[in-house]
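# Coordinates in review
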Amino acid sequence: ITAAATSMALALSATAGFAACDDGEIVVKFAHVTNTDKHPKGIAASLLQQRVNDEMNGVMCMEVFPNSTLYNDDQVLEAMLQGDVQMAAPSLSKFEQFTKVFRIFDLPFMFKDIAAVDAFQNSETGQAMKESMTRRGLLGLAFWHNGMKQMSANKPLLLPSDANGLKFRVQNSDVLKAQMAALGGSPQPMAFSEVYGALQTGVVDGQENTWSNIYGQKFFEVQDGITETNHGIIDYMVVTSTDWWDSLDGAVRDQLATIVTEVTEARNAESFKVNEEAKAAIIAAGGEVRQLTAEQRAAWVEAMKPVWAEFEGDVGADNIAVAQSFNA
Ligand code: LMR
């Protein structure tokens, strides 16, 4: 079986259970990179597909392409601007080419938990971010949660000095590159779909991600262990093209927007639980999960915190203050 055939089979199974789009229906392709099962984004995208296809049957038809089967995150936004895909939900770290305001979400230890992220996103500052890229042709419809990031490597990571000299895969974000450099590590930007292979073959030594991604991509199988650092977040923006959005009939657009909002509220409320279940599944599968003492954790905070100053100009000291107010 060729890789193309495998992709095709995965893409087809993703839409299985839903009738093919009928003539005259507006086709909405939604491309993402994670698995569909036991993953906050995968579950949310599948629910969105189901609701659109049930409630807008005859008018609109959504096809979800998970697992990077259609595009990876580096390609999807350009494809959207070309009109080849209508919706996606890349992590906030992947908008680097379009806006710098999202850099606040990548700053290490900026948010103490996803509830703080949620509160910030729902503030005036956060809501304005959905429209920060309209000049570039992209419109944010909603923020979707994943969860807190953990660190893993091919050796135990208990102190920041353990990361010294290691190669870490990062999403293609300047903040994340600076964060790994602050640890004395070497950041290696890479598409999500390539990480497992890179860890397995030793192209990189470690990575950072949420429990659901570490579980879904089986990173724990090719790492020494995972340290529960909760040092950052992975969250998403559901994004569409302004051209496509504006082309929709007003009533159709409103109905789709309402479904997106309802799916967002329902699934964001479950994202913490989905990640906790993934963590438990990693442990059950024999993955090693390490906890930090308060002192060890303080050392990670101290090592990474200088990154804030580097990006304060892009992010805005006022926005940092707003974000921090939700950690209280
Ligand atoms: C990553 O590239 O590690 C994540 O952004 C993948 C994802 O969509 O959660």
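Residues numbered from 1 in each chain as written. Predicted model: local features only at pLDDT ≥ 70, side-chain atom pairs only at ≥ 80, totals over all residues.

## Some thoughts on the overall build of the chain
Heads up, the condition is: Secondary structure elements follow DSSP: runs of H or I of four or more residues count as helices, runs of E of two or more count as strands, with numbering from the N terminus. Our radius of gyration looks at C-alpha atoms and nothing else; its globule reference is 2.2 Å times the residue count to the power 0.38. Counting other C-beta atoms within 10 Å of a residue's own tells you its class, since 20 or more makes it buried, 12 or fewer makes it exposed, and anything in between is partly exposed; those C-beta atoms are placed from the backbone. Placing C-beta atoms from the backbone, we regard two residues as in contact once those atoms come within 7 Å.
Summing up its helical and strand segments, the chain has 15 helices and nine strands in all. The globule rule puts the C-alpha radius of gyration for 328 residues at 20 Å, and the 19 Å found for the chain is close to it. Dimensions of the chain, computed from the C-alpha atoms along their principal axes, are close to 60 × 50 × 30 Å. In the chain, which comprises 328 residues, the proportion classed as buried is 46%. Intrachain contacts of the chain at a sequence separation of at least 6 include 78% that bridge at least 24 residues.

## Concerning the site of the ligand
Note the threshold: Near, as applied to residues and a molecule or strand, means the residue's backbone-placed C-beta atom lies within 6 Å of it. Side-chain classes follow a simple rule in which Ala, Val, Leu, Ile, Met, Phe, Trp, Tyr, Cys and Pro form the nonpolar group, Asp, Glu, Lys and Arg form the charged group, and the remainder, Gly included, forms the polar group.
Lining the immediate environment of the ligand, one finds Val-33, Thr-34, Lys-41, Ser-91, Asn-146, Gln-171, Phe-192, Asn-209, Asn-213 and Ile-234. Looking at the shell around the ligand, its residues break down into three nonpolar, six polar and one charged.

## A word on helix H7 (residues 174-182)
Of all the positions in H7, only Val-175, Leu-176, Lys-177, Ala-178, Gln-179 and Met-180 are classed as buried. Each element contacted by the buried residues of H7 is listed here: helix H4 (103-106), strand S5 (167-170), strand S6 (186-189), helix H13 (294-304) and helix H14 (307-315). A positive backbone phi angle near 80° is found at Gly-184, which sits one or two residues after H7.

## Some thoughts on the confidence of the model for the chain
Note the cut-off: The quantity called pLDDT is the predictor's confidence in a given residue, expressed from 0 to 100.
On average, residues of the chain score 94 in pLDDT, and 94% of them are at 70 or above. Confidence drops under a pLDDT of 50 for residues 13-18, and excluding neighbours within four residues, the segment shows eight contacts in the predicted structure.

## Structural notes on the nonpolar core
The test is simple: In these notes, a nonpolar core means any group of buried Ala, Val, Leu, Ile, Met, Phe, Trp, Tyr and Cys residues linked to one another through C-beta atoms within 7 Å.
With 84 residues, the main nonpolar core has Phe-30, Ala-31, Leu-48, Met-62, Ala-88, Ala-89 and Val-238 as its most contacted residues. A per-element tally of this core places strand S4 (residues 138-153) first, with eight residues. Dropping the residues within four chain positions of it, Leu-48 is found in contact with Met-62, Ile-259, Val-260 and Val-263.

## Re the pairing of strand S8 (residues 225-241)
Walk down a regular strand and you will see the side chains alternate between the two sheet faces. How we decide: Pairing between strands is defined by DSSP: at least two bridges between them are needed.
With 14 of its 17 residues buried, S8 lies for the most part within the structure. For strand S3 (residues 87-88) and S8, the ladder comprises two bridges, and the chain directions are antiparallel. By the bridge assignment for S8, Ala-88 is matched with Val-239. When S4 meets S8, the two strands line up antiparallel, connected through 13 bridges. Looking across to S8, one finds that Gly-147 is bridged to Ile-234. In the sheet, S8 pairs with strand S9 (residues 289-290) via two bridges, with the strands oriented parallel.

## Observations concerning unusual backbone geometry
The phi torsion at Ser-68 lies on the positive side, around 55°, for a residue other than glycine. By secondary structure assignment, the location of Ser-68 is in the loop between strand S2 (60-65) and helix H3 (73-81). For Ser-68, a count of 20 C-beta atoms within 10 Å gives the class buried. Not every positive phi belongs to a glycine, and Asn-230 is a case in point at roughly 45°.

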